[in-house]
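One-letter residues, chain by chain:
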Amino acid sequence: MGSVIERIKRANFWTFHGGIHPPEQKFLTTDKPIRAVSIPEQLILPLQQHIGIAADLRVKIGDKVLKGQALTQSMHPMAVPIHAPTSGTITAIKDAVIAHPSGLSELCLFITPDGEDTWQERHICTDVSKLSHNEIIDKISSAGISGMGGAGFPTQVKISTRDKIQFLIINAAECEPYISADDLLIREHSPSILDGINILDRILSPEHILIGIENNKPEAIKVLQQATANNEKIQVCVLPTKYPTGGEKQLIQILTGQEVPSGVFPSSLGIVMQNIATCFAIADAVINDIPLIKRVVTVSGQALQKPQNVWSLLGTPVGFLLEQCGYPNKDKKHIIMGGPMMGYSLPSDQVPVVKTTNCILAPSEQEISSPYSTGTKEVECIRCGQCSDVCPSQLLPQELQWSAKAKDHQQLDKLNLFDCIECGACAYVCPSQIPLVHYYRVAKSEIRQQKQLDIKAEHAKVRFEARKERLARDKIAREEKHKAAAQARKARMNSGTSEAKTEKSAVAAALARVKAKKAQQTQGSDSVAAQTVAPPADNEQKSQVSAAIARAKAKKLAAQKNVATYKSEPENKLDDVKPTADDKKAKIAAAVAKAKARKLTEKNNDNAVDSDLAVDDNITNEAAVLASQAEAVVPANDKKAKIAAAVAKAKARKLAEKNNDNAVDSDLAVDDNITNEAAVLASQAEAVVPANDKKAKIAAAVAKAKARKLAQQQDKLAATPSEEKTNKHVKSEST
Amino acid sequence: MTTLLAILVLGCMALVFGAILGFASVKFHVEGDPLAEQVDAILPQTQCGQCGYPGCKPYAEAVANGEAINKCAPGGEDTIKKIADLMGVEPPPLDENHDTDNSPKVAFIIEEDCIGCTKCIQACPVDAILGTTKQMHTIIADECTGCDLCIDPCPVDCIIMIPIAKTPQNWQWDLNNIPVVQLD
């Protein structure tokens, strides 16, 4: 370790790979002091001016604020508060264009200054050594200080590190062309800067403090060397000018020879780096109780008449500063925020100066042409490899460019795209004028977006799975609850209390009712018959209706009985049916059916080939007739039932005809007979049952279908003689 | 004699190595990532069911079993391309039954119209809707996947899909479309 310090003392520094030497152009502003500009008519303060999250608003529209008053506050370590740069009134809190390459709007506070610039009450600390570490960090945090070099990382996070710090590096390299804000700040305010460095020294207690400064700022170097002459701990390291020396990783490599690994904070190597402007802000905050409300901004470029460094209040519109520095180009403006290498063109001159704004560039068309006016001059990559020669991160810019164009994110990851510091050296040297850094920025934001989406997708998946699990769990729980409830009910009923008894008796009564109904339905024959014998001869309509119902029921019963008697005495059946059919309609239907049956019999007789077959057919027809009669008798009142009966009849006839035609010998005919009987039975059953009930009808239809199927099956079986015989036997029994 | 010896020796060696290899294949067996898992990792997990399957995982399993890979509407062309790469097939265009508009959206309940019927809560695959019977419901925007499964069950049509606003945080550099603002 001694060797590192020895090398530094001998000014024998390391170097980093690549780098470029663009024209410095710092002479435009280095010869003039920092100018204090007047307060603009309106200040626009974006709530978020740093890396992290915005703090919570503490003011509302119409509030009078004093200079230095905190406008936002938060306990979050990555949230940095903002303060009123001058006294005035909050006139609006709305979205406005912010200093971002996208030109998108974010929430901003609009302050109209009252011109009096009244400070809030300040507590100036005369002796910093009396403050504890935590008090100092609190002061820095509440002063809203974030890194002022460009990235804007919250300072209190950086200095709250618990790692053992070996080197505190103060970055005064200011390597980007045109910018001279730090140079001027050192020249004019070196005592304050030194105070800031001493405060950092107290908090971090590093072994060595190194101030890195490029050798193109001789006056600043001289001032610093004088200021630190009696402090052994602080080394002013004068570095050769090369872009991008001011990059964090590059400066660490130059000064200590250590390369910061990818994805690691320098603090884990025992190194903390702070910008020199941040040191000044720390001193102001801790000693003078001045929060971060102004900063030095280099307003430069050949388009300006009076390019100069200015003390700008945060929130000052860029247009106002340009006006102060003599910007003649009214109609066609090209303004860059940041330096020419890493800055971006602004979409509007109403964009405010924020904590990270170190430079506003208004170049002439010859200096840097506007991307809007000329368009791209990009041509194909000629694979010269100059870009990889100059890359300070030792990446392969042309390979990165191809992968970025192809959106090959895996390959970009392999090529370590995220180690690119977007310094722009590759694009600067590219003979094909390929805007390489732009491609990397696009790819980086795409990859970041994809990562966000992946995280969200994973989250959604977890929630979806959790929900599925919960639903399954709920279902089981519900079932168990129902089971438990049923068991509890049972237990309660059997417990023997009076309540249980009443409940039990109620259930028992209900059950009894159901049973009684069922019994009535199934063995209604006897009871209905009894009812028909004694119909009440009341004058009331109701009793008449009930009598009619009873009659219908009796009819039904008769039909049922017919079915029962049919097997034993088919010939008597007609007689049985006739007396019950006292209805006129039913009589007519019966007559029609009879006529039909006769006709059918005659027809069958004609077709009959031998005597056996004729006999069989006869029986078949009789069965059909009986069926039709039964049907005709029963549904006297019901139109639908009649239709159903008619359909059944037609089917029975068809079946009979078919059987006759197909009948070749007597055996087969016998089978058919049986089939027909089955069909008849089915149709009778149907005819009896469905008088009132639609459902029963459907069931009957199903039964019919089954009967038909059975008939078909038997037809098939008839082909084998053994079965024919059995069938014959059955037939003889049935007849 | 020599020939026999050679055969014997080589045969023994073959047996020994065979045994070693067999043992190794059992001992150091690596559970391969099944195809369905890999496809599931690519899918956007909106659980929207636009593919005709109840969730992303069932669709991933179906894809592994030969279902068309172009049915994921929220994933769009990117997802199809990734699955095609994984399966080693040509990426087909998105199924024409789906909208090509797969810009990210988030559901929003017009709260004065909500009657508190809880139907949307039951429909939400990721439990992103908060509310209870006869109480106003609201969407937890951060949890919403924008699947729009809550739109149809709503009896009063008080749910709308809002495109997610562009902010500097989720903004994508677009070189051909830098918002050119006329400077005043």
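Bear in mind the structure is a predicted one, so any value in this text is a computation, not a measurement. (Residues numbered from 1 in each chain as written. Chains lettered and ligands numbered in written order. Predicted model: local features only at pLDDT ≥ 70, side-chain atom pairs only at ≥ 80, totals over all residues. Heavy atoms only, no water.)

### Thoughts on the overall build of chain A
A tally of helices and strands in chain A yields 25 helices and 18 strands. Per-residue burial over chain A gives 47% buried out of 735 residues. A fraction of 72% describes how many contacts in chain A between residues 6 or more apart in sequence connect residues 24 or more apart. Of the roughly 37100 Å² of accessible surface on chain A, 54% is carried by carbon and sulfur atoms. (Helix = DSSP H or I, 4+ residues; strand = E, 2+ residues; numbered from the N terminus. Buried < 20%, exposed > 50% of the residue type's maximum accessible area, 1.4 Å probe, protein only. Contact = heavy atoms within 4.5 Å. Areas by Shrake-Rupley, 256 points an atom, 1.4 Å probe, with all protein chains shown as cover.)

### Here we look at the interface of chain B and chain A
In this complex, chain B contributes 35 residues to the contact, which on the side of chain A involves 33 residues. Across the chain B/chain A interface, buried area totals approximately 3100 Å², and carbon plus sulfur atoms make up 55% of it. Remark: the boundary between chain B and chain A carries four salt bridges. At the boundary of chain B and chain A, one finds nine residue pairs in polar contact (both at pLDDT 80 or more). (Buried area = accessible area lost by both parts, 1.4 Å probe. Salt bridge = Lys/Arg side-chain N within 4 Å of Asp/Glu carboxyl O. Polar contact = N/O pair within 3.5 Å; in protein donor to acceptor, adjacent residues only side chain to side chain.)

### Quick word on the environment of Thr72(A)
With respect to the secondary-structure elements, Thr72(A) resides in strand S6 (residues 72-73). For Thr72(A), the side chain forms a polar contact with the main-chain nitrogen of Ile82(A), separated by 3.1 Å.

### Structural notes on the sheet that holds strand S2 (residues 43-46) of chain A
If you walk across this open sheet you meet the four strands as S2-S9-S8-S5 (chain A), and the pairing is antiparallel. Looking at the sheet topology across the chains shown, the edges are occupied by S2 and strand S5 (64-65) of chain A. (Pairing = 2+ DSSP bridges.)

### A look at the packing of aromatic side chains
All names here are of chain A. Evaluated as defined, the whole model comprises three aromatic pairs over all chains. Plain terms: the ring middles of Phe280 and Trp311 are 5.7 Å apart, the flat faces sit at 35° to each other, and that makes the pair tilted. Linking Phe280 in helix H8 (residues 276-288) with Trp311 in strand S15 (residues 308-313), this pair joins segments that are 31 residues apart in sequence. Overall, the relative accessible area of 9% leaves Phe280 in the buried class. Note on Trp311: relative accessible area 14%, which makes it buried. The cationic tip of Arg122 hangs over the ring face of Trp119; the distance from NZ or CZ to the ring centre is 4.2 Å. The ring of Phe418 has Lys451 sitting right over it, with the charged end atom 5.1 Å from the ring centre. (Phe/Tyr/Trp six-rings, centres within 6.5 Å; stacked < 30°, edge-to-face > 60°. Lys NZ or Arg CZ within 6 Å of the ring centre and 35° of its normal.)

### A closer look at unusual backbone geometry
With omega at 0°, the peptide bond leading from Tyr243(A) into Pro244(A) counts as cis. As for its placement among the helices and strands, Pro244(A) is situated in the loop between strand S12 (234-239) and helix H7 (248-256). Phi is positive for Ser205(A), which is not a glycine, with a value near 35°. Its identity is not glycine, yet Asp148(B) carries a phi of approximately 55°, on the positive side. Relative to the elements of secondary structure, Asp148(B) occurs in the loop between strand S3 (138-139) and strand S4 (159-163).

### Let's talk about the UniProt feature "binding site: [4Fe-4S] cluster 2" (unreviewed entry) in chain A
Residues and elements named next belong to chain A. Following the UniProt record, the feature "binding site: [4Fe-4S] cluster 2" (unreviewed entry) maps to Cys391, Cys420, Cys423 and Cys426 here. Taken together, the annotated residues stretch across 36 residues yet fold into one region, lying no more than 10.7 Å apart by C-alpha. Under the relative-accessibility criterion, Cys420 is labelled buried at 13%. Those residues in contact with Cys420, other than ones at most four positions away along the chain, are Leu395, Tyr440 and Lys444. Position of Cys423 among the secondary structure elements: in the loop between helix H13 (409-414) and helix H14 (425-429). Looking at Cys423, the relative accessible area reads 6%, which means it is buried. Once residues within four sequence positions are removed from consideration, Cys423 is found in contact with Tyr243, Pro244, Met341, Met342 and Pro392. (UniProt positions renumbered as here; feature names shortened; annotations may be inferred.)

### Topic: the sheet that holds S12(A)
Residues and elements named next belong to chain A. Taken together, the four strands give an open sheet; going across it, the order is S12-S11-S10-S13, and neighbouring strands pair in parallel fashion. Only two strands of the sheet have a single partner each, and these edge strands are S12 and strand S13 (271-275). Within the sheet, the average angular offset between the axes of one strand and its neighbour, ignoring direction, is 25°. Of the strands in this sheet, strand S10 (167-171), strand S11 (208-214), S12 and S13 are in contact with helix H5 (residues 181-204), which crosses S10 at around 160°. Its contacts with the sheet put helix H6 (residues 218-227) on S11 and S12, and the angle it makes with S11 is roughly 160°. (Axes fitted to C-alpha atoms, helices over the stretch in contact; angles between N-to-C directions.)

### A look at the pairing of strand S9 (residues 105-113) of chain A
Residue and element names in this part refer to chain A. As judged from the four bridges shared by S2 and S9, these two strands associate in the antiparallel manner. Note on S9: the bridge partner recorded for Leu43 is Ile111. In the sheet, strand S8 (residues 88-97) pairs with S9 via nine bridges, with the strands oriented antiparallel. Across the sheet, residue Ala92 finds its bridge partner in S9, namely Phe110.

### Examining the pairing of S15(A)
Residue and element names in this part refer to chain A. With six of six residues buried, S15 is to be regarded as a mostly interior element. Here S15 shows a buried face lined by Gln308, Val310 and Ser312 and a second buried face lined by Asn309, Trp311 and Leu313. The pairing of strand S14 (residues 294-300) with S15 spans six bridges and is antiparallel. Considered in S15, the bridge of Lys294 is made with Leu313.

### Description of the packing of helix H2 (residues 35-42) of chain B against helix H4 (residues 76-87) of chain B
Residues and elements named next belong to chain B. Following both chains from N to C, one finds H2 and H4 inclined at 155°, their axes separated by 10 Å at the closest point. With respect to H4, the element H2 is oriented roughly antiparallel. Seen from above, H2 lies across H4 with right-handed handedness. When H2 is examined against H4, the residues Leu35, Gln38, Val39 and Ile42 are found in contact with a partner set consisting of Thr79, Lys82, Ile83, Leu86 and Met87. Of the residues belonging to the contact of H2 with H4, the class tally is six nonpolar, two polar and one charged. (Parallel < 35°, antiparallel > 145°, perpendicular 65-115°, else oblique. Left-handed = near helix turned anticlockwise from the far one by under 90°. Nonpolar A, V, L, I, M, F, W, Y, C, P; charged D, E, K, R; others polar.)

### Structural notes on the UniProt feature "binding site: [4Fe-4S] cluster 1" (unreviewed entry) in chain B
All names here are of chain B. Residues given the UniProt feature "binding site: [4Fe-4S] cluster 1" (unreviewed entry) here are Cys48, Cys51, Cys56 and Cys72. Spanning 25 residues, the named residues form one tight spatial group whose C-alpha atoms are at most 9.2 Å apart. By secondary structure assignment, the location of Cys56 is in helix H3 (residues 56-64). Excluding its chain neighbours within four sequence positions, the residues that come into contact with Cys56 are Asp40, Leu43, Gln45, Thr46 and Gln47. Residue placement: Cys72 occurs in the loop between H3 and H4. The class for Cys72 is buried, based on a relative accessible area of 9%. Residues contacting Cys72, with those up to four places away along its chain left out, are Leu43, Pro44, Tyr59 and Leu94.

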